Amino acid sequence: MVSRHKPRRPHISGTEGVRARVRRIARKRTHRNFTQLLSGYDQDGDALGPYSGTRILDYDHERHAANGDETRADFAGSYSKGLEHDGTTGFVVPANYNNFREALIKVVNAARLDPTLPDPASVEAIDEVTRPGTNERPFTNPLSGVGTDIDGTDPLDLAIDCAPSFSSDIAAAEMVELYWMALLRDAWFEKWEIAASPEKALADAAVTELNNLNQNLTKPFALHYARPADWSRDITVKRLFRGSAPGNDVGPYISQFLIWDVPFGTLDFEQKQLLLLSKQDYMINAADWLAVQGGGPHTGFSAMPIRSDLEEIRKDGSGNPLPLPQQKRRHIVTLRDLAHYVHFDALHQAYFNAALILNGIQGAPLSVTNVYERPARQKTQEGFGTFGGPHILVLLTEVATRALKAVWHQKWYVHRRLRPEALGRRVHLAKTDAAYANLVDTAVLNSTALQETYRKTNSYLLPMAFPEGSPMHPSYGAGHATVAGACVTILKAMFDPQYELPHIFEAVDDGSGQQTELVKRANSESLTVGGELNKLAANIAIGRNAAGVHYRSDYTKSLALGEAVAVALLQELTHTFVEAEAGTPVWSLPTFDGHWIAINAQGKISRLRDAPPKSTVPRRRASLFTS
């Protein structure tokens, strides 16, 4: 029998470079018809708000650019963890940094010239970077930053704004926020607003200082959503350490998607963590700071601690751990709890859980543009491998890896921004050695937050939540935040962001002073799926700030980068569906700055004047995963 089937895909030569193919597929994607329509730009295409700056590079006229900190002879503003440092100043040894930088330049130049992977010599260049004898920690995956993908944007094509210079007033204000986060690390969220409590007094002091800073800087370090195309400098207790997107300042600090129980097939689990052994902060003396900065261990720990090193695990008389129900556990109720969550999470797990929670809410509708959500089709067909439950979960994993490649390029090959723990060392040096008094901006040197930190720790170093401090890769952009932006964008495209959650839960003290119980709050505020997903992205990203390993601008700029990665993937997926209909949006979703976009069957993005109507389909009873 002769097969009449013809391949639907044209033959692609195996000798053609993957990157060249990606560039040809995406050659029509420009800033004007892509990133300018996403978060960070108004309807006229002008940069606006905290998410501005993400763009597709025009290679004929521009290249990736950093903030200039790397031109300093002492490299005081550049990432250098894992290299040799001067024991007196904390600065990296310049020759060692040059060796490190030249290896990275060799890799990225090879990748830009040749669309295949870099040659072995450039790969080995990173292996040959001189490391201290005490180093026990490898650099985290620099080569992924020059990798590519068949679908979506090439990581080398996306750019974000330069990071604030380490000596700028913006960076100083961001550090003031981090010092306050460390001071409030163990204060329960519910107590920030309880009159006459010490937690409220501390939160009020943080609000007063941060708000004054934000109002008086030429350019604010924090902006919060007020209404479409309107951003506010005001910092209140309802905005303290919160994200910038719509919904972030509504309801409890923690997103409902980090509070509700998660239905995992026939299993249900509470989102509770084991208690931590102590409320200890780390790297608050020069010796521990220097050891960790060189890739070595903190006093009392291995170079890379595991969960059991930090958690309180109750054991029986034979020394075996007791069953989980007999352990002390609680929901996320402090910044330290949140930092612990993002210390050990699988990067996309919070969004995977959110999808399962939304599936478990009977009545939580899919997007109004989902072709299987039309009332006339409810009893004839339903989505599964496309536009259904398995499709949603697979996309979350797919987009996470693409987001990581995009942000890893920014980290290793463009910005190389120093981590907050290193800038905290610069602050300490400026406060203790008159020769370096002008090293950083006075906004942090004269801050109440720094004075309170010194009174608590007898040091100006930034107190860290992790014994090993930051990861072994540069600060800007942030991996957690970029994955958050990408995964939440997928969820907002798949589910109806305007759906109001039927219940609002809050984790409160169960009377023990340590453990928690969930209480249902009166629905005085409307919490929507979109708002709580935006809050989830902020919680995960800013949780890393609470640990001391990222700055606020790492969160905002990376969130927009992740959104761009996700939208590019959605664009290209439209060509793979037989369900896509000409003239009808395949996807519609709100961006992180509040305006809506739609993507049609040809992959074209348009900015919508108004939000689409809310879903009116009958309440869904069956699971999205039942076939």
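These lines cover the structure that appears in this document, whether it is placed above or below. In this text, all values refer to a predicted model and were calculated from it rather than measured experimentally.

## Quick look at a nonpolar patch on the surface
- Together, Phe264, Leu267 and Phe269 make up a nonpolar patch on the protein surface, roughly 280 Å² of accessible area in all.
- Positionally, Phe269 belongs in strand β6 (residues 267-269).
- Relative accessible area serves as the criterion here: at 32%, Phe269 is assigned to the partly exposed category.

## Digging into the side chain of Thr54
- Mapping Thr54 onto the fold places it in the loop between α1 (18-25) and β1 (55-56).
- Judged by its relative accessible area of 4%, Thr54 falls in the buried class.

## Comments concerning the layout of surface pockets
- Each pocket or cavity is described by its volume, and for the second largest pocket that value is around 670 Å³.
- Looking at the second largest pocket, it is lined by 31 residues, and the ones nearest its centre are Tyr225, Pro228, Gly594, His595 and Trp596.

## A look at the pattern of salt bridges
- Scanning the model with the defined rule gives 29 salt bridges in all.
- With a shortest N-O distance of 2.9 Å, Glu174 and Arg417 are connected by a salt bridge. Highlighted residues: Glu174 in helix α4 (residues 169-183) and Arg417 in the loop between α10 (389-415) and α11 (420-432), separated in sequence by 243 residues. The two residues Glu174 and Arg417 agree in class, both being buried.
- Three or more residues joined by partner-sharing salt bridges are found here, namely Arg55, Glu62, Asp161 and Lys557.

## With respect to α4
- In this model, α4 (15 residues) spans 21 Å end to end at C-alpha, consistent with the 21 Å of a helix rising 1.5 Å per residue.
- In terms of burial, α4 is a largely internal element, 14 of the 15 residues being buried.

## Here we look at the environment of His409
- Structurally, His409 is set in helix α10.
- Between the alpha carbons of His409 and Glu190 there is a distance of 39 Å; along the sequence they are 219 residues apart.

## Considerations on the pairing of strand β9 (residues 504-509)
- In terms of burial, β9 is a largely internal element, 5 of the 6 residues being buried.
- For β9 and strand β10 (residues 516-521), the ladder comprises 6 bridges, and the chain directions are antiparallel. The partner of Ile504 across the bridge, within β10, is Arg521.

## A few points about the sheet that holds strand β13 (residues 605-607)
- The 3 strands are arranged β11-β12-β13 in an open sheet whose pairing can be described as antiparallel. In this open sheet, the two edge strands, each paired with only one partner strand, are β11 (587-590) and β13. Neighbour to neighbour, the strand axes of the sheet diverge by 20° on average, direction disregarded.
- One ladder, built from 4 bridges, connects β11 with strand β12 (residues 596-599); its direction is antiparallel. Residue pairing across strands places Leu589 opposite Ile597, the latter belonging to β12.

## Thoughts on empty space enclosed by the protein
- Applying the stated criterion across every chain yields a total of 8 cavities of 30 Å³ or more.
- Lining of the largest cavity is provided by Ala66, Asn67, Asp69, Glu70, Gly77, Ser78, Tyr97, His415, Arg416 and Arg417.
- Grouping the constituent residues of the lining of the largest cavity by class yields 2 nonpolar, 4 polar and 4 charged.
- Volume-wise, the second largest cavity comes out at about 40 Å³.
- Here the lining of the second largest cavity is composed, by residue class, of 4 nonpolar, 2 polar and 3 charged.

## A closer look at the side chain of Lys557
- If you trace the backbone, Lys557 turns up in helix α16 (residues 552-573).
- Ignoring any residue separated from it by four or fewer positions in sequence, one finds Lys557 in contact with Gly49, Pro50, Tyr51, Ser52, Thr54, Ile160, Asp161 and Tyr476.

## Re the environment of Thr448
- Position of Thr448 relative to the elements: it lies in helix α13 (residues 448-457).
- Relative accessible area serves as the criterion here: at 35%, Thr448 is assigned to the partly exposed category.
- Along the backbone, Thr448 and Leu561 are 113 residues apart, and their C-alpha atoms lie at a distance of 33 Å.
- Excluding residues that lie within four positions of it along the chain, Thr448 makes contacts with Trp180 and Glu209.

The rules behind each value
Residues numbered from 1 in each chain as written. Predicted model: local features only at pLDDT ≥ 70, side-chain atom pairs only at ≥ 80, totals over all residues. Heavy atoms only, no water. Patch = residues over 30% accessible without salt bridge, like charges linked within 9 Å, V, L, I, M, F, W, Y side chains within 5 Å. Areas by Shrake-Rupley, 256 points an atom, 1.4 Å probe, with all protein chains shown as cover. Salt bridge = Lys/Arg side-chain N within 4 Å of Asp/Glu carboxyl O. Helix = DSSP H or I, 4+ residues; strand = E, 2+ residues; numbered from the N terminus. Buried < 20%, exposed > 50% of the residue type's maximum accessible area, 1.4 Å probe, protein only. 1 Å grid on protein atoms, 1.4 Å probe; cavity = no way out; pocket = protein on both sides within 12 Å on 5 of 7 lines; lining within 4 Å. Points joined across faces, edges and corners; volume = space filled by probe spheres on them. Expected span 1.5 Å × (residues − 1). Pairing = 2+ DSSP bridges. Axes fitted to C-alpha atoms, helices over the stretch in contact; angles between N-to-C directions. Nonpolar A, V, L, I, M, F, W, Y, C, P; charged D, E, K, R; others polar. Contact = heavy atoms within 4.5 Å.

Shape is all these values report; function is a separate question.
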